[in-house]
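# A closer look at the structure
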Amino acid sequence: QVQLVESGGGSVQAGGALRLSCAVSGRFNHPMGWFRQAPGKEREFVAAISWSGDSDYYGDSVKGRFTATRDNAKGTLYLYMHNLKPEDTAVYYCAVPNRWGARSQEEYAPWGQGTQVTVSS
């Protein structure tokens, strides 16, 4: 059974940067993804990365600012977030997609518990 634990969230001013981590126990030889959920909003797709790390895709709202990477030797997924905006404030989750190209939350399981990111203006 795969278990996911996110970390690295915090508070930052607009224009700043953060790096989130997702530690994976169990199998790691599959694509991975990131989602986020702001208060009162639906969970939103952020990024996904292939098992090899050679391919990725992003949500339109973060494209060009966020980068997903992974260290398979460490069993860890990362999300580098640059030029953060107040609208990036949300709880960020990592999860496992059931197919490459998945963008809806229904296509991902299991999930981590999430880590809070707060961006102030």
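Here the structure is shown first, and the text comes after it.
Residues numbered from 1 in each chain as written. Predicted model: local features only at pLDDT ≥ 70, side-chain atom pairs only at ≥ 80, totals over all residues. Heavy atoms only, no water.

### Some remarks on the side chain of Thr76
- As for its placement among the helices and strands, Thr76 is situated in strand S8 (residues 76–81).
- Among all residues touching Thr76, those that are not within four sequence positions of it are Ser21, Cys22, Ala23, Phe28, Arg70 and Asp71. (Helix = DSSP H or I, 4+ residues; strand = E, 2+ residues; numbered from the N terminus. Contact = heavy atoms within 4.5 Å.)

### Here we look at the pattern of salt bridges
- Throughout the structure, instances matching the rule amount to five salt bridges.
- Notably, a salt bridge pairs Lys63 with Asp60, separated by 3.3 Å at the nearest N-O pair.
- On the accessibility criterion, Lys63 (52% relative accessible area) is exposed.
- Using a relative accessible area of 69% as the deciding quantity, one classes Asp60 as exposed.
- Taken together, the shared-partner salt bridges connect Arg36, Glu44, Arg65 and Asp88 into one network. (Salt bridge = Lys/Arg side-chain N within 4 Å of Asp/Glu carboxyl O. Buried < 20%, exposed > 50% of the residue type's maximum accessible area, 1.4 Å probe, protein only.)

### A closer look at the state of the cysteines
- The final tally for this structure, using the stated rule, is one disulfide.
- Across the disulfide from Cys22 sits Cys94; the S-S distance is 2.0 Å. Between Cys22 and Cys94, the disulfide has an S-S torsion of 65° and is therefore right-handed. Pair noted here: Cys22 is in strand S3 (residues 18–25) and Cys94 is in strand S9 (residues 90–97), with a separation of 72 residues, a long-range link. (Disulfide = S-S within 2.5 Å.)

### Notes on the packing of aromatic side chains
- Within this structure, the stated rule accounts for eight aromatic pairs.
- Pairing Tyr78 with Tyr80 gives two aromatic rings, centres 6.3 Å apart and planes at 45°, and the pair type is tilted.
- With relative accessibility at 12%, the residue Tyr78 sits in the buried group.
- Residue classification places Tyr80 among the partly exposed residues on the basis of a relative accessible area of 29%.
- Through successive ring pairs, a cluster of aromatic residues spans Phe35, Phe45, Tyr57, Tyr93, Trp100, Tyr108 and Trp111.
- Between Arg43 and the ring centre of Tyr93, over which it is positioned, the NZ or CZ distance is 3.9 Å.
- When the ring centre of Phe28 is taken as origin, the NZ or CZ atom of Arg70, which lies over that ring, is 4.2 Å away. (Phe/Tyr/Trp six-rings, centres within 6.5 Å; stacked < 30°, edge-to-face > 60°. Lys NZ or Arg CZ within 6 Å of the ring centre and 35° of its normal.)

### Observations concerning the sheet that holds strand S1 (residues 3–7)
- Sheet architecture is open: four strands sit in the order S1-S3-S8-S7, paired in antiparallel fashion. Each of the sheet's edge strands pairs with one partner strand only, and the pair in question is S1 and strand S7 (66–71). Strand-to-strand twist in this sheet, taken as the mean axis angle between neighbours without regard to direction, amounts to 20°.
- Summarising the sheet, S1 and S3 pair through five bridges and their orientation is antiparallel. Along S3, the bridge assignment pairs Leu4 with Val24. (Pairing = 2+ DSSP bridges. Axes fitted to C-alpha atoms, helices over the stretch in contact; angles between N-to-C directions.)

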